[in-house]
Amino acid sequence: MTNPAGTPTFDAVELIRRKRSGQRLTDEQIDWLIPAYTRGDVADEQMSAMAMAVYFRGMDDAELSTWTTAMINTGERLDFSSLSRPTADKHSTGGVGDKITLPLAPLVAACGVAVPQLSGRGLGHTGGTLDKLEAIPGWRADLTNDQMLRQLDEVGAVICAAGSGLAPADKKLYALRDVTGTVEAIPLIASSIMSKKIAEGTDSLVLDVKVGSGAFMATIDQARELATRMVALGRAAGVNTTALLTDMDTPLGLTAGNALEVAESVEVLAGGGPADVVELTLALAREMVASAGVDVDPADKLADGSARDVWKAMIRAQGGDPDAPLPRASHTDHMVAAVDGIISRVDAMAVGLAAWRLGAGRARKEDAVQAGAGVVLHAKPGERVQAGQVLATLHTDTPAAFERAHQALADCWAIGVEAPERRPIVIDRIS
Ligand code: URA
């Protein structure tokens with residue numbers, strides 16, 4: 001069937017049945033479905049059935065490519081070609097304590113590469129980059145495209161909210177997947193992330209695909225498949241894309257929660273901070289700088305303070321005061337070790353859930369987050385502890401939340417007699 005303008009139209013129910021039975025969707029069917037859903041001609045309940053069918057049946061590479069392009073074509077594409085420097089961006093699939101964007105963007109900018117980092121707010125147990133930065137007094141996330149371009153030119157780095165014009169199909173579909181148990185489908189994750197990143201118009205992209213208990217992808221095989229499919233989509237669209245598979249069984253660094261993670265990021269920019277955060281920041285920075293064709297070692301820019309200078313300029317340019325004290329929660333409580341021994345595991349999901357219950361995250365997208373809430377770890381795997389020693393401090397403005405946070409952390413620590421094998425942060429690289 002065709003409409004008066006000559007474009008074919010389809011029956012949504014027929015397409016759902018087709019995908020449900022394991023058949024592939026044609027280019028024409030996908031090119032009709034995605035804009036029709038974005039316009040509201042295909043109902044939410046029909047698209048949720050389609051998302052569930054995709055969850056069980058998957059998509060082949062050609063379907064995925066058409067689906068992603070159709071999502072991009074529902075919105076605008078940004079253009080950074082007027083900038084004098086190459087652009088590189090990073091996207092993480094989300095993890096507990098993942099504050100890496102904060103030190104990474106100014107560090108890569110200090111190396112001479114412009115970083116347009118369009119970010120989101122958190123939902124569930126992983127925090128959102130914008131929620132973290134909004135803990136800084138005065139800082140604002142919403143910039144126009146012109147303000148973003150000017151900041152990229154003058155400061156070199158911008159972290160801001162993705163405007164509603166980029167891949168609007170994804171905004172609608174992601175919110176639907178979030179409430180229908182269909183987030184964890186590899187083709188849907190790959191098209192969601194890559195539609196936004198390709199529309200954003202960056203020259204290079206480094207993907208940080210997390211693996212482990214605190215990540216969407218619990219196994220290395222799933223993470224490798226997701227990374228491989230996203231790298232292929234990026235390269236086919238002319239974006240120089242690579243991916244690192246990185247560990248997310250243990251939280252990154254010692255903090256999970258908005259202001260707490262900003263403070264830890266500032267420590268990294270000042271030349272300190274936890275070793276795993278520094279290691280991953282440098283690994284991702286090296287990938288971004290190399291893929292932009294720039295020959296500078298990010299470790300030098302961290303050591304000589306230039307990354308910290310860009311951070312301060314980047315925060316000031318968005319109305320924030322980088323030297324103002326960060327908000328602190330009004331109440332604290334502790335988790336202590338039950339036995340003597342060596343910590344063999346700190347479960348990322350448990351820490352993320354506890355931080356979320358303490359008020360650092362939101363259950364619905366319209367909820368507010370507490371800037372000071374979260375968890376500070378005092379020991380990580382491999383460290384020896386004694387019974388009664390404080391393992392974590394819990395922060396919140398709502399002390400009634402402590403009980404549920406304690407429940408989330410009940411099985412968080414494994415304490416044994418032998419030191420665990422040291423797990424590398426970067427597990428694999430896909431290019
Ligand atoms: N992040 C996204 O932007 N989309 C997904 O589907 C999952 C994580």
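Keep in mind that what you see is a predicted model, and the values were worked out from it rather than measured.

A word on unusual backbone geometry
Phase 1: Positioned with a positive phi, A167 is a non-glycine residue whose angle comes to about 40°.
Phase 2: As for its position among the elements, A167 is in the loop between β3 (157-161) and α8 (168-178).

A short note on the side chain of Q318
Phase 1: Relative to the helices and strands, Q318 resides in the loop between α14 (306-317) and β7 (331-336).
Phase 2: Looking at Q318, the relative accessible area reads 0%, which means it is buried.
Phase 3: At a separation of 2.9 Å, a polar atom in the side chain of Q318 contacts the side chain of Q151.
Phase 4: Residues in contact with Q318, not counting those within four places in the same chain, are G138, W139, R140, A141, L143, Q151, V158, I159 and C160.

Some thoughts on the environment of L133
Phase 1: Here L133 is to be found in helix α6 (residues 129-133).
Phase 2: Placed 26 residues apart in sequence, L133 and I159 show a C-alpha to C-alpha distance of 8.9 Å.
Phase 3: The residues touching L133, leaving out its near neighbours within four places in the chain, are L102, W139, I159, V262, W311 and I315.

Thoughts on the site of the ligand
Phase 1: Around the ligand lies a shell formed by Y174, R177, I189, S192, I193, K196 and F216.
Phase 2: Between an oxygen atom of the ligand and a side-chain N or O atom of R177, the distance comes to 2.9 Å.
Phase 3: A distance of 2.5 Å is found between an oxygen atom of the ligand and a side-chain nitrogen or oxygen belonging to K196.
Phase 4: Expressed as a share of its isolated accessible area of 240 Å², the protein-covered part of the ligand is 91%.
Phase 5: Mapped by element, the contributors of at least two residues to the shell around the ligand are α8 and α9 (186-200).
Phase 6: Ranked by the residues each element gives to the shell around the ligand, the list is headed by α9, at four residues.
Phase 7: Grouping the amino acids of the shell around the ligand by side-chain chemistry returns four nonpolar, one polar and two charged.

What counts and how
Residues numbered from 1 in each chain as written. Predicted model: local features only at pLDDT ≥ 70, side-chain atom pairs only at ≥ 80, totals over all residues. Heavy atoms only, no water. Helix = DSSP H or I, 4+ residues; strand = E, 2+ residues; numbered from the N terminus. Buried < 20%, exposed > 50% of the residue type's maximum accessible area, 1.4 Å probe, protein only. Polar contact = N/O pair within 3.5 Å; in protein donor to acceptor, adjacent residues only side chain to side chain. Contact = heavy atoms within 4.5 Å. Near = heavy atom within 4 Å. Areas by Shrake-Rupley, 256 points an atom, 1.4 Å probe, with all protein chains shown as cover. Nonpolar A, V, L, I, M, F, W, Y, C, P; charged D, E, K, R; others polar.

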